[in-house]
Amino acid sequence: MSYIWFDDQFAYISTLGNGLLILKKQDGKYKITAHYTSNNGLASDYVYAAMTGPEGHLFAGTDGGGLQELKGNTFVSVSKRFRIRSNTVFSLCKDSRGSIWAISDADCILCFDGKKLSHFGTDQGIRESEPSQIIAAGDAVYVIHSLGIDRISFGSCEVAQIDCEMPFGEPNLNGILS
């Protein structure tokens, strides 16, 4: 298991090699209701993270298939739809507006609001092209990397750089900051 996301009725379990499991909560227990793999429509069995986003659709960040969106019972490639270079999405977060943010291998930071895809990279002020983690809090998204933290404001889309000394070196790619 690489990541787990809960909403009101479901748990979404991402795995590195066994696809994506969807469990429904019934009588206080979770029961598997779907298991998506490359054999039944998921672009890759390596899923770093999955969560619900705009319009309640499920999104999966995969290794090799980029950002995937579940529409009905079919996964659609957001990466291909918007012709982005990235085929790997490492980390996802959802902001207070419901938009999905992602760290990708070739396009740095992506933001999908259900209709359009925005990109934030080194040209926009992000200091590293492959940050370690991304989290949403308040009216901003925070991008964590070895040089510090970059803050992307929702309203203005401005990037502010927060310098901080990382006493432990490189941030843990597998850690979650909350």
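Thresholds, definitions, all that
Once a new chain begins, its residue numbering starts again from 1 and follows that chain's sequence as written. In keeping with the model being predicted, local features are shown solely for residues with a pLDDT of at least 70 and side-chain atom pairs are shown and tallied solely at 80 or more, while totals for entire chains, interfaces and linings include all residues. Computation of side-chain values covers all heavy atoms of the structure but excludes hydrogens and water. Burial classes: relative accessible area under 20% of the type maximum marks a residue as buried, over 50% as exposed, and values in between as partly exposed (1.4 Å probe, protein chains only). Helix and strand definitions here come from DSSP, where helices need a minimum of 4 consecutive H or I residues and strands a minimum of 2 consecutive E residues; each element is numbered from the N-terminal end. A pair of strands is considered paired only if DSSP assigns at least 2 bridges between the two. Residues belong to a common nonpolar core when they are buried Ala, Val, Leu, Ile, Met, Phe, Trp, Tyr or Cys residues joined through side-chain atoms within 4.5 Å. The score called pLDDT rates the predictor's confidence residue by residue, from a low of 0 to a high of 100. By definition, residues are in contact when any of their heavy atoms lie within 4.5 Å. Axes here refer to lines fitted to C-alpha atoms; in helices the fit is confined to the stretch in contact. Angles between the N-to-C directions go from 0 to 180 degrees.

Chemist: Looking at this model, I keep getting lost on the pairing of strand β7 (residues 66-71). Mind explaining?
Modeler: Along any regular strand, the residues point their side chains to alternate faces of the sheet. Along β7, five of the six residues are buried, which leaves the element largely enclosed by surrounding structure. The loop that links strand β6 (residues 58-62) with its antiparallel partner β7 comprises three residues; one of these, Gly64, has a positive phi angle of about 110°. Relative to strand β8 (residues 74-77), β7 is paired through four bridges, and the arrangement is antiparallel. Following the sheet pairing, Gln68 is matched in β8 by Ser77. Remark: two residues form the turn of the hairpin made by β7 and β8, two consecutive strands paired antiparallel; Gly72 in that turn has positive phi of roughly 70°.

Chemist: Is there a simple way to think about the nonpolar core in this case?
Modeler: Soluble globular proteins tend to pack their nonpolar side chains together in the buried interior. By size, the foremost hydrophobic cluster in this structure holds 26 residues, and its most contacted members are Leu20, Leu58, Phe75 and Leu92. Of all the elements in the fold, those that place two or more residues in this core are β3 (20-26), β4 (29-36), β5 (47-52), β6, β7, β9 (89-94), β10 (100-104) and β11 (109-112). For this core, the element with the most residues is β5, which contributes four residues. Trp101, Ile103, Cys108 and Val141 belong to the second-largest nonpolar core, a separate cluster that totals 13 residues.

Chemist: Sorry if this is basic, but what is going on with the confidence of the model for the chain here?
Modeler: Where the model shows low pLDDT, its predicted coordinates should not be examined in detail. Per-residue pLDDT for the chain has a mean of 89; in total, 92% of the residues score no lower than 70. A low-confidence stretch, residues 171-178 (pLDDT under 50), is modelled with twelve contacts involving residues beyond four sequence positions or located in other chains.

Chemist: What is the right way to look at the sheet that holds β3 in this model?
Modeler: Two strands in a sheet stick together by hydrogen bonds in their backbones, pointing the same way (parallel) or opposite ways (antiparallel). Pairing is antiparallel across the open sheet formed by four strands, whose spatial order is β1-β2-β3-β4. If you trace the sheet from one side to the other, it starts and ends with β1 (3-6) and β4, each paired once. If you compare each strand with its neighbour and ignore which way they point, the axes differ by 20° on average. Judged from the seven bridges that link them, β3 and β4 form a sheet pairing that is antiparallel. Following the sheet pairing, Ile22 is matched in β4 by Ala34.

Chemist: Looking at this structure, I do not really get the sheet that holds β11. What am I missing?
Modeler: Taken in spatial order, the four strands line up as β9-β10-β11-β12 in an open sheet, and their pairing is antiparallel. The open sheet terminates on both sides in strands that have one partner only, identified here as β9 and β12 (117-120). In this sheet, neighbouring strand axes are inclined to one another by 20° on average, regardless of whether the strands run parallel or antiparallel. Bridge count for β10 against β11 is four bridges, and the pairing is antiparallel. Bridge pairing in β11 places Trp101 opposite Cys111.

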